[in-house]
Amino acid sequence: MRVLGSLVALALAGLAAAVVDPSHPAPTQFPRNVMSPRGSLLSLAPPDGAEFLVDQLFDVRIELHNVNSTVVPDITGYKLVINGDSPLNQFGLRADYALPKPENWTFAWTPDVAAVYAKKPVNVSVAAVAWRSVSLKVPGTYSVQLNVGNESISAVWTVRSFEGKKAKNAVLFIGDGMALSATTAARFISKQTKFGKFGKNFLSFAKMGTIGLVSPNGLDAIITDSANSASAYNTGHKSAVNALGVYPDTSANSLDDPKVETIAEYIRRKNPGRCIGVVTTAEIQDATPAAVWSHTRRRNDKAIITDQALFGVKNFSAAVKPDVLLGGGGEFFCNGTNLTCASNKNQNYYDIYKQAGYSVVNSKAELEAYSGSGPLLGIFSLNHMETWIERNMPAYFDGFNATKSDPFGHSYASQPQPNLDLMVKKAIEVMDARCGAKGWFLMAEAAAIDKMMHPIDFDRALADLLELERAVDVVLDYNAKNNGDTFIMLTSDHPQAYDVFGTVDTQFFNGQPLNLTGDDPLSVRKRRAIGEYQQSGWPDLVINDTTGLPTHWNGRFKLADGKVDAFAHTEDWQINQVDPKVNPSSRPYALVNTSYEVKGDSVASYNPKNDPEGIPFLPNDFPTDVNTVHSLSDVALFCGGPTEMLLKCSKPMDNTEIFFLLADALGLGSGAVVSKRDIDERYVATALEPELQYDVPVRRNAVQGHHPGEN
Ligand SMILES: [Zn+2]
């Protein structure tokens, strides 16, 4: 009977799986449509559970699928009802608003990894409609009902508003790829203890106020990339890997996906006197900075992202046009023949930004000398900026003199590049000069924590983490002199599975021979240098007490650290002897060995250049990966500034909540409650087609695979 009971239960579970489950994603690695409720051929974006800031603009995308069929499904009779009312009324649209016309496309869907290996994709025919740039103007709860034929979806949307302004300014610091374990490791190599007690010697941002926990996952998968996590921070809506400022749809066009307004666009549209600043040590087109203003399904639309910063997306919201924009990424600004440039339509975006009123600086010296009231564009390298060690320790690594990364694409050495703390300081000076009492919003990213964790170059990652601490100190000093009215948030977009399990005596390590083919194939002699538990004694500190800056990276006692997903590599726990001619983000630790062909995959193998005498480690990750990946843990949120905001940070939260904390602090949406029948005059009686602003970019693959270098 027990067995029979279980069988019945199993059969019922099978039946239950076929029933539409409105809110929960299907357990699968290859979803046909991440916006579809489980078991449904229909999808609605924004989905059940979406939250909006009052009057935040968004697109509605409805898709209906026919699977394994070339027959276009009939979506013409779809019925969308919001709070028992028509969308026209609820969105406050004019009666002559042109209702969206159905669109059709097909895509190839591989349902699981078996289908990938069998090369047997399934054809999906799609009919879809999109309501462009609508909003809900009254706070509260909205029940949404969508019906097409036999398919239906119920959803609840919530519109939030906030009373009053709690902070004049707000800063969102992002330590990209920064796990809590990495901040702990950075403390252990930079701060003294008194017989083990750190006392007041915690990292400055860790003790500035309160601490919360942020879940970084997207709506599509448990592991996130920087794009969809930063997108959640900037829009309050979950998204998918590689997507910025949009919910993902299934069409090939990366610019037609349903958009959600970013906090910077919202400020521009509704509080135009305030300033917006974006500072990063990556390319300014990289996912984290781009999430402030961009709308694309494909984070690699970098030429278009450069254009969107200035011109926005036509017919959607106000262009962000940052008052200050500092980082790398000259490749998408410069143009010309025989140059390493890739700008949109080969136009000179330095000139285009100048014509729009920007002053342009291209070196640390030019940035230091700048004293105007902007707007200011600072582009300091062709691609990502160099890491802190390359920027500041040329005695060890003359990185950016050798890299030939000048921001104009001439393959000259770039001029010395500014540090993150200088960029933050100048951004605040410019924004104060421009916007004065009205205040500003700044996003500042320490990008190379992530970019150096990927190739397991922990010394460079931790050096950039300590640089982030000094950048936060700039704002803490500013706050101390300015009534403490700047709300400071510091978090990460996702962790990397990094941790420390002891310390290494590198002197003993280096003294032992590597004899892998002889009597010591497991490197037992070298491994004796790793001290665990009571032998995990204190590491050498890297910080000079007088300057507060790191002075060296090769002390005798180093952290014994690693990553759970490490590729095949060698490790000696001493600073990696990288090829300084290659930009940090492009230094693969592992090499691809094409001699190990397995079903078309080439297997990554050891790169002996970094640690020739290091201990070999077998790969723990996908064998073709030459970079390690992101991981699952929650990330910490550190908050400082106005007391009223601090307790609101002190909780576990979805990454979407960062957007609402910023909106709350800045009083966005306050007093914005209007009648829902306040007709939106932005609309004319033509369909809105914002994607026509650009040439349709290269088709993306329907099957999302591994994208080294994109994350
Ligand atoms: Zn990454």
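Note that the structure is predicted; figures quoted are calculated from it, not measured.

Rules and cut-offs
- Residues numbered from 1 in each chain as written.
- Predicted model: local features only at pLDDT ≥ 70, side-chain atom pairs only at ≥ 80, totals over all residues.
- Heavy atoms only, no water.
- Helix = DSSP H or I, 4+ residues; strand = E, 2+ residues; numbered from the N terminus.
- Buried < 20%, exposed > 50% of the residue type's maximum accessible area, 1.4 Å probe, protein only.
- Contact = heavy atoms within 4.5 Å.
- Areas by Shrake-Rupley, 256 points an atom, 1.4 Å probe, with all protein chains shown as cover.
- Axes fitted to C-alpha atoms, helices over the stretch in contact; angles between N-to-C directions.
- Parallel < 35°, antiparallel > 145°, perpendicular 65-115°, else oblique.
- Left-handed = near helix turned anticlockwise from the far one by under 90°.
- Nonpolar A, V, L, I, M, F, W, Y, C, P; charged D, E, K, R; others polar.
- Pairing = 2+ DSSP bridges.
- Core = buried A, V, L, I, M, F, W, Y, C linked by side-chain atoms within 4.5 Å.
- Domains from an automatic or database assignment.
- UniProt positions renumbered as here; feature names shortened; annotations may be inferred.
- Polar contact = N/O pair within 3.5 Å; in protein donor to acceptor, adjacent residues only side chain to side chain.

Let us look at the overall build of the chain. Secondary structure assignment for the chain yields 19 helices and 25 strands. Classification of the 711 residues of the chain by burial places 56% in the buried group. If you take every contact in the chain between residues at least 6 apart in sequence, the share linking residues at least 24 apart comes to 74%. Carbon and sulfur atoms make up 55% of the accessible area of the chain, which totals about 28300 Å².

What follows is about the packing of helix H13 (residues 420-435) against helix H15 (residues 458-481). How two helices sit against one another is set out by the angle between their axes and by the gap between those axes. Contact geometry for H13 and H15: axes closest at 7 Å, N-to-C directions at 30 degrees. Comparing their axes, H15 and H13 come out roughly parallel. Note on packing geometry: the crossing formed by H13 with H15 is right-handed. On H15, the residues touching Leu420, Asp421, Val424, Lys425, Ile428 and Asp432 of H13 are Glu467, Leu468, Arg470, Ala471, Val474, Val475 and Tyr478. Looking at side-chain class alone, the contact of H13 with H15 contains 8 nonpolar, no polar and 5 charged residues.

What follows is about the sheet that holds strand E9 (residues 169-175). Here we have 10 strands laid out as an open sheet, ordered E13-E14-E12-E11-E15-E9-E16-E24-E10-E25, and mixed in their pairing. Only two strands of the sheet have a single neighbouring strand rather than two, namely strand E13 (359-361) and strand E25 (652-654). Averaged over all pairs of adjacent strands, the angle between their axes in this sheet comes to 15 degrees, without regard to strand direction. In the sheet, E9 pairs with strand E16 (residues 486-491) via 6 bridges, with the strands oriented parallel. The residue of E16 that forms the bridge with Phe173 is Leu490.

Before going further, it helps to examine the nonpolar core. The nonpolar side chains of a soluble globular protein tend to be buried with one another. Membership of the largest hydrophobic core comes to 94 residues, with the highest contact counts inside it found for Leu44, Val60, Ile62, Phe91 and Trp157. Top element by residues in this core is helix H19 (residues 657-666). It accounts for 8 residues. Each of domain 1 (20-160) and domain 2 (166-670) contributes no fewer than three residues to this core. Ignoring sequence-local partners within four residues, the contact set of Ile62 consists of Leu42, Ser43, Leu44, Ile75, Tyr78, Leu80, Ala127, Ala128, Val129 and Leu146. With 67 residues, the next largest nonpolar core counts Ala182, Trp440, Ile488 and Val542 among its residues.

Another aspect to go through is the pairing of strand E15 (residues 440-446). The buried fraction of E15 is high, at 7 of 7 residues. Of the two faces of E15, both are covered, the one formed by Trp440, Leu442, Ala444 and Ala446 as well as the one formed by Phe441, Met443 and Glu445. In this sheet, E15 lies alongside strand E11 (residues 275-283) in parallel orientation, the contact comprising 6 bridges. Within the sheet, the bridge partner assigned to Val279 lies in E15 and is Ala444.

Moving on, we come to the packing of helix H5 (residues 226-235) against H19. As a packed pair, H5 and H19 sit with axes 5 Å apart at the nearest point and diverge in direction by 30 degrees. Between H5 and H19, the interaxial angle falls into the category roughly parallel. Of the two possible hands of crossing, H5 and H19 adopt the one that is right-handed. Of H19, the residues touching H5 (which contributes Ala232, Tyr233, Asn234 and Thr235) are Ile658, Phe659 and Leu662. When the residues that make up the contact of H5 with H19 are grouped by side-chain class, the tally is 5 nonpolar, 2 polar and no charged.

The next point concerns the UniProt feature "active site" (unreviewed entry) in the chain. Sequence positions flagged by UniProt for "active site" (unreviewed entry) are, in local numbering, Ser226. Overall, Ser226 belongs to the buried group, its relative accessible area being 2%. Looking at Ser226, its side chain comes within polar contact range of the side chain of Asp176, at 3.1 Å.

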